[in-house]
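# Observations on chain architecture
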Amino acid sequence: MAFDYYDSDKSTDVLALLVNRSSEMFSDEPLEVRSDISTYDPTLQMVDNLHLGLPEFALGLILLSVYTVIQLVAAPINLVRDSTPITYRVVRSQAKSFAPAHRMGYNFRGNYLYPGGGLPRLHYLDEGPAHAHHVLVLLHGMPFWSQSWIKIIPKLTSQNFRVIVPDLIGFGKSDKFTDYRVYNTSMHKASLKGLLDHLGLHQNLVLVGHNWGWMIGAGLAKDYPNLFNKFVILNTNNLPDGELVPQRYRNMAQFTRFAVINAFFLAFNASMNLLRELFPLSLLIKSLNINFTKEEIRAFMSPHLSVSECGGTTAFPLMVPVFPTHPEAREMREIRQFLHRSKKKTLVAYSEASLLPWISQGDFVVGNRLIFYQNLTPETTTTPFRIPNGGHLIMYDRPDVVSQLIINFVLAS
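Because the structure is predicted, anything quoted here is derived from the model rather than measured. (Residues numbered from 1 in each chain as written. Predicted model: local features only at pLDDT ≥ 70, side-chain atom pairs only at ≥ 80, totals over all residues. Heavy atoms only, no water.)

### Observations concerning helix α9 (residues 263–275)
Between the first and last C-alpha of α9 there are 18 Å, a value that for 13 residues agrees with the 18 Å anticipated at 1.5 Å per step. Considered for burial, the residues of α9 that qualify are Ala263, Phe264, Phe265, Leu266, Ala267, Phe268, Asn269, Ala270, Ser271, Met272 and Asn273. Buried positions along α9 lie against α3 (54–81), α8 (252–261), α10 (281–287) and α12 (311–319). Directly after α9, the chain includes Arg276, whose backbone phi takes a positive value near 50°. (Helix = DSSP H or I, 4+ residues; strand = E, 2+ residues; numbered from the N terminus. Expected span 1.5 Å × (residues − 1). Buried < 20%, exposed > 50% of the residue type's maximum accessible area, 1.4 Å probe, protein only. Contact = heavy atoms within 4.5 Å.)

In structure tokens form, the structure reads like this:
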């Protein structure tokens, strides 16, 4: 597979590269629309097209063993924990908790609303001209919040774009349910739709999503097909719809390959299933970029200083459908079908994949998922972007490159 690489160490001007490629990548010429998704499985295509060496297999098998052991330990504990009634208690992070983020430059004017449906208060940024021609909705991933977009917001508004940047409920300056079991994709979609309705934004928006933010936004796009006219996908998972079942694959060798590819996430999922709100988020954040400073980690951690503030961060990993019986599996299947049939232009950009955290730069969790979207989305370029020298939070790690990609993509047509 061919990818475009951009390296800041080279003298080549990034914007010039983007402009030169715009006629190829972002032209209005229709691309070939693939056959109905029922005739093929993009997960199998991803598995078949990813190279796995001996180190990947060895590490994967170790992690799968860790996953199995942790799940066995967690099972009886969770039977007790999950037998308690669901609580809808809500907490609000204290203003002083965000001091590290403010020191790092998070000084935008905050806005708040109650999105309806009994949902708690939601915080969002609304930057740029109120009547801008281009309106971008930036959705953060896990365990981050609107602060993760801090470096590219000024670059986008300098192009007279309007950017709407919410904190999903459970994150950032939005209110937080303390019980992870309250969270689901329907709740997040409802809160986002309430926000956009409040702002009078009903069509022709640009969805820019990172990780879970992309998957929630894609679900909203599925429900309201005219809401967005372009998609930007940054370092996200492959819309898991319950893939860890041998009968889905042609043979055990193919199933084993998938399990190895997914081993890091499975180990993470099991750890979260065991530790729940006690999971060390600062350790997770540090693993996503070996160059994050202590002050940056404190800024990212601002909304999650107590156990009661970690319901949302606990929920997202557990909302990923590992098996097809998971309650979110149907939603992910429907999103896959929607995107496969969609003719909306899509930009896909990922950092490089890495084998291990804390040792090498790159994304060790979902860095190998880029090829999934290349095969799934009919309007996606055949040469997606690989951005070196960045980790999982690519728009924060490489803001100049990511913002230029987005600007060029939005303005192309």
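Picking up where we left off.
### Things to note about the environment of Val91
The topology assignment puts Val91 in strand β2 (residues 90–91). Assessed through its relative accessible area of 12%, Val91 is described here as buried. Sequence separation between Val91 and Ser308 is 217 residues, and the spatial gap between their C-alpha atoms is 7.1 Å. If near-sequence neighbours (up to four positions away) are discounted, Val91 is found in contact with Asp175, Lys176, Thr178, Ser308 and Glu309.

### Details of the nonpolar core
One broad trend across soluble globular proteins is that nonpolar side chains are buried collectively. With 129 residues, the main nonpolar core has Leu136, Leu138, Trp214 and Leu239 as its most contacted residues. Take this core: its biggest share by element is eight residues, from α9. (Core = buried A, V, L, I, M, F, W, Y, C linked by side-chain atoms within 4.5 Å.)

### Focus: the pairing of strand β5 (residues 135–139)
With five of five residues buried, β5 lies mostly within the body of the structure. The side-chain alternation of β5 yields two buried faces, one formed by Val135, Val137 and Leu139 and the other by Leu136 and Leu138. As paired elements, β5 and strand β8 (residues 205–210) share four bridges and run parallel to each other. Looking at the pairing, Leu136 lines up with Val206 of β8. (Pairing = 2+ DSSP bridges.)

### Notes on unusual backbone geometry
Residues Met142 and Pro143 are joined by a peptide bond in cis, for which omega reads 5°. Relative to the assigned elements, Pro143 resides in the loop between β5 and α5 (153–157). A positive phi angle is found at Asn211, which is not glycine, with a value near 55°. Looking at where Asn211 falls in the secondary structure, it is placed in the loop between β8 and α7 (212–223). Positioned with a positive phi, Asn235 is a non-glycine residue whose angle comes to about 35°. Inspection of the secondary structure puts Asn235 in the loop between β9 (228–234) and α8. Owing to a relative accessible area of 0%, Asn235 belongs among the buried residues under this scheme.

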